[in-house]
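Secondary and tertiary structure notes
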Amino acid sequence: MTQFLIDNMAPLMFVALVFFLLFGYPVAFALAANGLIFAFIGIELGLLTPALLQALPERVFGIMRNDTLLAIPFFTFMGLILERSGMAEDLLDTIGQLFGPLRGGLAYAVIFVGALLAATTGVVAASVISMGLISLPIMLRYGYDRKLASGVIAASGTLAQIIPPSLVLIVMADQLGRSVGDMYAGALIPGLILSALYAGYVFMVTIIFPKAAPALPMEARSLRGMQLLIRVLVSLVPPLVLIFLVLGTIFIGVATPTEGGAMGAAGAMILALMKRKLDWSLMRQAMDSTAKLSAFVIFILIGSTVFGLTFRAVNGDLWVEHLLTSLPGGQLGFLIVVNIMVFLLAFFLDFFELAFIVVPLLGPAAEKLGIDLIWFGVLLGVNMQTSFMHPPFGFALFYLRSVAPVADYIDKITGKLTPRVTTGQIYWGAVPFVCIQIIMVGLVIAFPEMVTGMLDRGTGVDPNTIQIELQSDPTIEEKADDAEDTPPSFGEPDADPDTEEEEETKAD
């Protein structure tokens, strides 16, 4: 039995972690407890030494002084301030008026605003709740299909997962040991293409089922002509300036992601102040939520560090690497298996949990197979985005359920009885968009240039492979050979110290 434990410590440790998670234990404590329990078992069996645990304080301190992770509270605070300052409401109202004459115009507006909010807030909950509170009643008022309306709002809110400044991309870059700026640059085009695919699906629905997404009636379009143009410019300019302040400075290399997040937080406060929405109550709510989310991330990271320390000590990383690199099909086989595994795990685990538990195990195997880790991180980010949309555990669906009407109600504008939105309608509405995200995973695999094309590869030379070869001049070599064969014929020979002493003695 003892030998069995020693030989299979890594797989047993992984199975124990899955057992803890399936029983509903908090992820951070499940990771830390699992790591400590198996560390003590390994020490008792003589497989590990007690000195191993002395590395824990330094690792925890390393997490606390990691400057990259500072971007998480900055971007979270920025998103919460913007969400509570009414920017989403102004955008949805204005863009809804702009797209109103089109069938499915409100759905297009939700997708457009969802992408814009993703590029400013980076927080899924803020985007989904904002658009659910503002757009869903309007879409129901004008006869939109409930499944389509629910699916569009939930899916557009999850664009904050992949479009920079996404929080998960920060964590992904940290876990894979790559630049956050490169991860942001690589994820930009896939995020925009995913938004276009959502819009394409809405267009197909309006062609096949015109009544599912009607155009706004004339009386609902209160803005026209120059008045509409001015309103669009006034509503779009502040968020676009904020996007450049945050992402533009990062992409052109003026600011680090942490500095960009700090500027974004300051810019969000300025926008809220301009709208006269910045007060102590707003600041306190934003700071409370930011502190909770930051503590949540740090505790999971500390737990994963404890788990990782023991897991690597029992050669678990080598076990996982050998298991994944020996899959048939090489790189393609590895990518297919990994993406299926992440897709299935996303039913049960949040994207932070996936990033802290699964990604550190997959990264070394991907690098050994010659896979670009920036591209691999973006691919996993697109896949992990489905964790928000999976029925019945998707967090975006829970957020939308919390703001969708649970009972029939009288619409304030039309005075008509409006049926409620059922949980089943929300779930079925999410299914087509989950399929679109799976298609996007396939597109990223088939066309890696959409990620790598945005990266600055510099000279493309790996400094570790540089070799310096010195070529000697043949004429110099010939002269050197002649010099060795011929004794020197110029100057006085070097004097021997012993001979000089003898001559001085004789002279005395």
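So, here is what we can say about the structure in this document. (Residues numbered from 1 in each chain as written. Predicted model: local features only at pLDDT ≥ 70, side-chain atom pairs only at ≥ 80, totals over all residues. Heavy atoms only, no water.)

Bringing the pattern of salt bridges into the picture now. One side chain can pair with another of opposite charge once the charged atoms of both are near each other. Taken as a whole and assessed by the stated rule, the structure comprises three salt bridges. A salt bridge links R65 to E58; the nearest nitrogen and oxygen atoms lie 3.0 Å apart. For E58, a relative accessible area of 46% gives the class partly exposed. A salt bridge links K368 to E321, with the nearest nitrogen and oxygen atoms 3.2 Å apart. With a gap of 47 residues between them, K368 in helix α18 (residues 359-368) and E321 in helix α15 (residues 316-325) connect regions that are remote in the sequence. Of the residues examined, K368 reaches a relative accessible area of 58% and is grouped as exposed. Under the relative-accessibility criterion, E321 is labelled buried at 16%. (Salt bridge = Lys/Arg side-chain N within 4 Å of Asp/Glu carboxyl O. Buried < 20%, exposed > 50% of the residue type's maximum accessible area, 1.4 Å probe, protein only. Helix = DSSP H or I, 4+ residues; strand = E, 2+ residues; numbered from the N terminus.)

A word on empty space enclosed by the protein. All told, the structure shown has one cavity of 30 Å³ or more when counted by the stated rule. Reported here for the largest cavity is a volume of approximately 40 Å³. Around the largest cavity sit F311, R312, D317, P360, L361 and P364, which together line it. Looking at the lining of the largest cavity, the elements with two or more residues in it are α14 (280-313) and α18. Counting residues per element, the lining of the largest cavity draws most heavily on α18, which supplies three residues. Here the lining of the largest cavity is built from residues that sort into four nonpolar, no polar and two charged. (1 Å grid on protein atoms, 1.4 Å probe; cavity = no way out; pocket = protein on both sides within 12 Å on 5 of 7 lines; lining within 4 Å. Points joined across faces, edges and corners; volume = space filled by probe spheres on them. Nonpolar A, V, L, I, M, F, W, Y, C, P; charged D, E, K, R; others polar.)

Attention now goes to the environment of V110. On the secondary structure map, V110 appears in helix α7 (residues 105-118). Residue classification places V110 among the buried residues on the basis of a relative accessible area of 1%. The spacing of V110 and I95 is 15 residues in sequence and 8.3 Å in space, taken between C-alpha atoms. Aside from chain neighbours lying at most four places away, what touches V110 is L92, M131, S135, M139, V152, I153 and S156. (Contact = heavy atoms within 4.5 Å.)

A few words now on the side chain of Q161. Position of Q161 among the secondary structure elements: in the loop between α9 (146-157) and α10 (167-176). Q161 has contacts with V124, S166, V168, L169, F351, G381, M384, Q385 and F388, leaving out every residue within four places of it along the chain.

Turning next to the packing of aromatic side chains. In this description, a pair of aromatic rings is defined by centroid distance and the angle of the planes. Under the counting rule described, the total for this entry stands at 11 aromatic pairs. For the pair Y198 and F433, a centre-to-centre distance of 5.3 Å together with 80° between the ring planes defines the contact as edge-to-face. Of the two residues, Y198 is situated in helix α11 (residues 180-208) and F433 in helix α21 (residues 423-446); the sequence distance between them amounts to 235 residues. On the basis of relative accessible area, F433 is assigned to the buried category, the value being 1%. Here the aromatic residues F19, F20 and Y25 are joined through ring pairs into a cluster of three or more. (Phe/Tyr/Trp six-rings, centres within 6.5 Å; stacked < 30°, edge-to-face > 60°.)

With glycine set apart, most residues show a phi of negative sign, and most peptide bonds adopt trans. Here the amide bond leading from P164 into P165 is cis, since omega sits at 10°, within 30 degrees of zero. Within the secondary structure layout, P165 lies in the loop between α9 and α10. Of note in the backbone geometry, R276 takes a positive phi value of approximately 60° without being a glycine. Turning to its location among the elements, R276 is positioned in the loop between α13 (257-274) and α14. You will see that N315, though not glycine, has its phi angle at about 65°, which is positive. Summarising the element assignment, N315 is placed in the loop between α14 and α15. Take N315: its relative accessible area is 44%, and that puts it in the partly exposed class.

Our focus in this paragraph is the nonpolar core. The biggest cluster of nonpolar side chains holds 153 residues, and the ones touching the most others in it are F334, F376, L380 and M384. Ignoring any residue separated from it by four or fewer positions in sequence, one finds L380 in contact with M172, V338, V342, V359 and L362. (Core = buried A, V, L, I, M, F, W, Y, C linked by side-chain atoms within 4.5 Å.)

Estimates place the volume of the largest pocket at around 730 Å³. Of all the secondary-structure elements, those providing two or more residues to the lining of the largest pocket are α2 (9-22), α3 (27-44), α14, α15, α16 (330-345), α17 (351-357), α18 and α20 (395-403). Tallying contributions element by element places α2 first for the lining of the largest pocket, with five residues. Of the residues belonging to the lining of the largest pocket, the class tally is 32 nonpolar, one polar and one charged.

When two helices pack together, their arrangement is given by the angle between the helix axes and the distance between those axes. Relative to each other, α10 and helix α19 (residues 373-384) sit at 140°, their axes nearing to 10 Å. Compared by their axis directions, α10 and α19 come out oblique. Two packed elements cross with a definite hand, and for α10 against α19 that hand is right-handed. Across the interface between the two elements, V168, M172 and L176 from α10 touch L373, G377, L380, G381 and M384 from α19. For the contact of α10 with α19, a count of residues per class yields six nonpolar, two polar and no charged. (Axes fitted to C-alpha atoms, helices over the stretch in contact; angles between N-to-C directions. Parallel < 35°, antiparallel > 145°, perpendicular 65-115°, else oblique. Left-handed = near helix turned anticlockwise from the far one by under 90°.)

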